[in-house]
Amino acid sequence: MLALQGDVREHAALLAGLGADVTLVRRPSELDAVDGLVIPGGESSVIDKLSRIFGLQRPIREAVANGMPMLGTCAGLIMLADRVTDAIEGQESFGGLDVTVRRNAFGRQLESFEAELEIPAFGGEAVKAAFIRGPVVEQVGPAASELASLPDGRVVAVEQGGILGLSFHPEITGETRFHRRFLDGVRARA
Ligand code: GLN
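Residues numbered from 1 in each chain as written. Predicted model: local features only at pLDDT ≥ 70, side-chain atom pairs only at ≥ 80, totals over all residues. Heavy atoms only, no water.

Topic: a negative patch on the surface
Residues Glu114, Glu116, Glu118 and Glu125 make up a contiguous surface patch of negative charge. Examined against the element boundaries, Glu118 turns out to sit in the loop between β5 (112–117) and β6 (127–132). (Patch = residues over 30% accessible without salt bridge, like charges linked within 9 Å, V, L, I, M, F, W, Y side chains within 5 Å. Areas by Shrake-Rupley, 256 points an atom, 1.4 Å probe, with all protein chains shown as cover. Salt bridge = Lys/Arg side-chain N within 4 Å of Asp/Glu carboxyl O. Lys, Arg positive; Asp, Glu negative; His and termini not counted. Charge placed at Lys NZ, Arg CZ, Asp CG, Glu CD. Helix = DSSP H or I, 4+ residues; strand = E, 2+ residues; numbered from the N terminus.)

Written as structure tokens, this is what we have:
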């Protein structure tokens, strides 16, 4: 669990509830000790800056390249996107998902809202998704695939290999299926 900034506690609690052994990652040696990485929501420009200050940007990029399973929500999705629009000047991402995301893409009135998403890969019950100044996936490249979209077609969840990226926050609506999917990927690889 990347613990530089953002809603770390909510993710850690959810993961622990699913039986995962959660390590808070703030330095490279802690990254070496984990088999998967969750990147929380928060503020992507801050997570970017702190990851460079703490010497984590390069190790995380290497972990992505080595196929470490990852789950990024909201700011975490921005950090995992290969291309980011409306970033602040000089803002960088780790990359890993062949997508273009736009930061703060929902208009003012829609900065925060909840939506129900049908996710074919999950079958069953719709996902209750909380959006909080979230990004939208504007383009999905050939290496990535769409997992969910809003009724108007805007893509809000993507996957590429073991990497999952969500525009919304499942950790605050009690939605566990994305974290389970991430943990399945971690266990499959271990
Ligand atoms: N707007 C934030 C960003 O650009 C993301 C918001 C969130 O993670 N809830 O990083």
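Considerations on the side chain of His169
Note on placement: His169 falls in the loop between β10 (163–166) and α6 (177–189). Look at His169 and you get buried, because its relative accessible area is 6%. Within the structure, the side chain of His169 is placed 2.7 Å from the side chain of Glu171, a separation counted as a polar contact. Beyond its immediate stretch of four places on either side in the chain, His169 contacts Asp7, Gly41, Thr73, Cys74, Ala130 and Ile132. (Buried < 20%, exposed > 50% of the residue type's maximum accessible area, 1.4 Å probe, protein only. Polar contact = N/O pair within 3.5 Å; in protein donor to acceptor, adjacent residues only side chain to side chain. Contact = heavy atoms within 4.5 Å.)

Focus: the site of the ligand
For the ligand, the full set of nearby residues is Gly41, Gly42, Glu43, Ser44, Cys74, Ala75, Ile78, Arg103, Asn104, Ile132, Arg133 and His169. Residue Gly42 places a main-chain N or O atom 2.9 Å away from an oxygen atom belonging to the ligand. Ile132 has a polar backbone atom sitting 2.9 Å from a nitrogen atom of the ligand. Compared with its free state, where it exposes 300 Å², the ligand has 94% of that area covered by protein. Per-class residue counts for the shell around the ligand are four nonpolar, five polar and three charged. (Near = heavy atom within 4 Å. Nonpolar A, V, L, I, M, F, W, Y, C, P; charged D, E, K, R; others polar.)

Focus on the side chain of Asp7
If you trace the backbone, Asp7 turns up in the segment before α1 (8–17). Of the side chains with opposite charge, Arg9 lies nearest to the buried Asp7, which makes no salt bridge, at 10 Å. If near-sequence neighbours (up to four positions away) are discounted, Asp7 is found in contact with Pro40, Gly41, His169, Glu171 and Ile172.

Overview of helix α3 (residues 44–53)
Buried within α3 are the following residues: Ser44, Ser45, Ile47, Asp48 and Ser51. One side of α3 carries all its buried residues, which in axial view fall inside an arc of 165 degrees. Those residues of α3 that are buried lie in contact with α4 (57–65) and α5 (75–80). (Arc of directions from axis to C-beta.)

A short note on the pattern of salt bridges
Enumeration over the complete set of coordinates arrives at 13 salt bridges. In this structure, the salt-bridge partner of Arg52 is Asp48, at a minimum N-O distance of 2.6 Å. With a gap of four residues between them, Arg52 and Asp48 both fall in helix α3, about one helical turn apart. Where Arg177 meets Glu175, a salt bridge forms, and the shortest distance between an N and an O atom there is 2.8 Å. Exposure remark for Glu175: the relative accessible area of 8% places this residue in the buried category. Linked by salt bridges that have partners in common, Asp48, Arg52, Arg61 and Glu92 make up one network.

Notes on the packing of aromatic side chains
Within the structure shown, the criterion is met by six aromatic pairs. Aromatic pair Phe106 and Phe131: ring centres 5.4 Å apart, planes at 70 degrees, arrangement edge-to-face. Here Phe106 is found in the loop between β4 (97–102) and β5, whereas its partner Phe131 is found in strand β6, with 25 residues between them in sequence. In this pair, the class of Phe106 matches that of Phe131, namely buried. Between Phe113 and Phe131 the ring centres are 4.5 Å apart and the planes differ by 0 degrees, which places this aromatic pair in the stacked class. Here Phe113 is found in strand β5, whereas its partner Phe131 is found in strand β6, with 18 residues between them in sequence. Take Phe113 and Phe131: they sit in the same class, and that class is buried. (Phe/Tyr/Trp six-rings, centres within 6.5 Å; stacked < 30°, edge-to-face > 60°.)

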